[in-house]
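Inside the fold
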Amino acid sequence: MMINQAKTENVEDEALASVENEYWVELKNSLDRLEQNEDFIKLIREGYFKDKAIKGVSLLATDYVRQNGLRPEIMESLVAISALEDYFIMIQNLGAPEEFTTEDLEEDEE
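Everything numeric in this text was worked out from a predicted model, so none of it was measured.

**Things to note about the packing of aromatic side chains**
- Per the stated rule, a full pass over the model turns up five aromatic pairs.
- Judged by centre distance (6.0 Å) and plane angle (50°), the rings of phenylalanine 40 and phenylalanine 88 are tilted. Linking phenylalanine 40 in helix α2 (residues 38-60) with phenylalanine 88 in helix α4 (residues 71-95), this pair joins segments that are 48 residues apart in sequence. The pair phenylalanine 40 / phenylalanine 88 is uniform in exposure class, with both members buried.
- Here tyrosine 87 and phenylalanine 88 contribute two aromatic rings whose centre-to-centre distance is 6.5 Å and whose plane-to-plane angle is 40°, an arrangement assigned as tilted.
- We classify phenylalanine 88 as buried; its relative accessible area is 10%.
- A connected cluster of aromatic rings, assembled from ring pairs, spans Phe40, Tyr48, Phe49, Tyr87 and Phe88.

Right, here's the structure in full:
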């Protein structure tokens, strides 16, 4: 009975992993399509990730920002940029096809 229970749990785990993987693959496909869009590139990749980040970093050193205590707001803005970029990287990594599956490893062992 323990063997059947272990097999059932293994099948359930594999099914759950498959559903989760499909989710990330779908997100990656959506992100790939977005990254081909010129407006997305201009607004997000260039405007937000690049230009806004550079502007924010440059503002941190100004006397006005330091004297008026505005650094925390600018830092939060930079953290937000980083968080979105990190989310995109996570989607790319988790949605990428796995190089090796457990089935591939089992075949190699035979």
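**Re the pattern of salt bridges**
- Across all of its chains, the model carries three salt bridges by this definition.
- For aspartate 32, the salt bridge is made with lysine 28, and the minimal N-O distance between the two is 2.8 Å. Of this pair, aspartate 32 and lysine 28 are both found in helix α1 (residues 2-34), four residues apart, which corresponds to roughly one turn of the helix.

**Side note on α4**
- Given a rise of 1.5 Å per residue, 25 residues ought to cover 36 Å, and the 36 Å separating the end C-alpha atoms of α4 matches this to within 8%.
- Taken residue by residue, α4 has Ile74, Leu78, Ile81, Phe88, Ile91 and Gly95 as its buried positions.

**Notes on the side chain of lysine 28**
- Exposure remark for lysine 28: the relative accessible area of 16% places this residue in the buried category.
- With residues up to four places along the chain from it excluded, the contact list for lysine 28 reads Ile91, Gln92, Gly95 and Ala96.

**Overview of α2**
- Where α2 bends most, at glycine 47, the angle is about 45°.
- For α2, the set of buried residues is Phe40, Phe49, Ala53, Gly56 and Leu60.

**Some remarks on a nonpolar patch on the surface**
- Taken together, the side chains of Tyr23, Tyr87, Met90 and Leu94 make up a nonpolar region of the molecular surface, amounting to roughly 360 Å² of accessible area.
- Per element, the largest residue contribution to the nonpolar patch is three residues, and it comes from α4.
- Of the residues examined, methionine 90 reaches a relative accessible area of 34% and is grouped as partly exposed.

**Some remarks on the nonpolar core**
- In this structure, Trp24, Leu31, Phe40, Phe49, Ala53, Leu60, Val65, Ile74, Leu78, Ile81, Phe88 and Ile91 together form the largest nonpolar core, which totals twelve residues.
- At the level of secondary structure, the elements contributing two or more residues to this core comprise α1, α2 and α4.
- In terms of residue count, α4 provides more of this core than any other element does, five residues in total.
- Apart from the residues lying within four places of it in its own chain, the contact partners of isoleucine 81 are Tyr48, Phe49, Lys52 and Ala53.

Cut-offs used in this document
Residues numbered from 1 in each chain as written. Predicted model: local features only at pLDDT ≥ 70, side-chain atom pairs only at ≥ 80, totals over all residues. Heavy atoms only, no water. Phe/Tyr/Trp six-rings, centres within 6.5 Å; stacked < 30°, edge-to-face > 60°. Helix = DSSP H or I, 4+ residues; strand = E, 2+ residues; numbered from the N terminus. Buried < 20%, exposed > 50% of the residue type's maximum accessible area, 1.4 Å probe, protein only. Salt bridge = Lys/Arg side-chain N within 4 Å of Asp/Glu carboxyl O. Expected span 1.5 Å × (residues − 1). Contact = heavy atoms within 4.5 Å. Bend = angle between axes of the 7 residues up to and from the residue. Patch = residues over 30% accessible without salt bridge, like charges linked within 9 Å, V, L, I, M, F, W, Y side chains within 5 Å. Areas by Shrake-Rupley, 256 points an atom, 1.4 Å probe, with all protein chains shown as cover. Core = buried A, V, L, I, M, F, W, Y, C linked by side-chain atoms within 4.5 Å.

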